[in-house]
Each structure stands twice: as C-alpha cells, then as structure tokens.
Amino acid sequence: MQMTVLTLDEAPRLSWRKALTEYYRKTGDWSVYSLFPCILLSFDDHFASQIPIGNGLYEFSGKATWNGCLSILSVEAGVLPEFAVNAGLYVSDKKVENTYEFPAIRTTAGGVALVEKDDTSFKVLRFRRLRKDRGL
C-alpha cells in the first residue's frame, strides 16, 4: 500500500523510536519496526499536494486507535492538510491494547514522504522538505 506521511525531525524521531521499542519489549509486537516513526496522512498519493504544517509541532493522544489498517496515535494538535483524514503517528500494524499509555513527546515534523509499505517492510519512494510557518 502507498501512504503519504509527514517525516519527523531527528530528535523526536529518535524519541519515538525509543518509546516504540519499549512498547515492543512489553508486548512483543514486532510490527512497530515495519515502518519508521512518522505521521500518517493518507493511504493515497498526495505527495505533490500543498501540505501546510504551520510551525511543524504536533501533539498526539496517549492511547492508540485502530484506523482500519494500522494502529496510530491520533493527532490532537497541529496543522494538517485537508486530505488528511484520521491522521496519526504510526504505532503498529496490529491493534494495540487500549490500556497501553504512550508518552507525550514534543514532536516536530519537517518533511513529507511517499512510502510503499507491505506487511514486513517499507520503501521511501519520494521525499521532500517542507517549510514551517509558510505551509509549503
């Protein structure tokens, strides 16, 4: 499946990888490694679209939700493009138990990627940086 995602800046990406590794250690859910920490915007190709991100700062719910294909932490604050429906931080390919509480991590995004994902791996097809506070 193809997905349009926002890529995280380095510090929050590393922090989320650590948090997801901790989740893996507690649950054994290896699918946390089948995609890098990113904000899922759409299961369609919107790479060439205008993608406003404001200042690039995002906040997420502490509990994962199932979007029909993946478990995500829903975006609670941050600028999203119009095409983003049910956007959130990727957690797992499996349904996450509602009792697991993820940490609040200051998260900033700065790029967009078009990703091809299957059950065990992913490939970044295209990537570009986005300008913060300008929406481009």
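Residues numbered from 1 in each chain as written. Predicted model: local features only at pLDDT ≥ 70, side-chain atom pairs only at ≥ 80, totals over all residues. Heavy atoms only, no water.

J.: So what's going on with the side chain of Asp-93? Which residues, and what values?
T.: Mapped onto the elements of the fold, Asp-93 is located in the loop between strand 6 (88–92) and strand 7 (107–117). With a relative accessible area of 18%, Asp-93 lands in the buried category. Side chain to side chain, Asp-93 and Tyr-90 meet in a polar contact 2.8 Å long. Among residues more than four places away in sequence, those in contact with Asp-93 are Ser-31, Ser-34, Trp-66, Cys-69, Leu-70, Lys-117, Asp-118 and Asp-119. (Helix = DSSP H or I, 4+ residues; strand = E, 2+ residues; numbered from the N terminus. Buried < 20%, exposed > 50% of the residue type's maximum accessible area, 1.4 Å probe, protein only. Polar contact = N/O pair within 3.5 Å; in protein donor to acceptor, adjacent residues only side chain to side chain. Contact = heavy atoms within 4.5 Å.)

J.: Residues and numbers for the environment of Leu-41, please.
T.: Tracing the chain through its elements places Leu-41 in strand 2 (residues 38–42). In this structure Leu-41 comes out as buried when scored by relative accessible area, which is 1%. Sequence separation between Leu-41 and Thr-4 is 37 residues; the distance between their C-alpha atoms is 5.6 Å. For Leu-41, the contacting residues outside a window of four places in its chain are Thr-4, Val-5, Leu-6, Ile-51, Leu-80, Pro-81, Phe-83, Ala-84, Val-85 and Ala-87.

J.: Go over unusual backbone geometry, please, and point to the residues and values.
T.: The phi torsion at Asn-86 lies on the positive side, around 60 degrees, for a residue other than glycine. Assignment of secondary structure puts Asn-86 in the loop between strand 5 (71–77) and strand 6.

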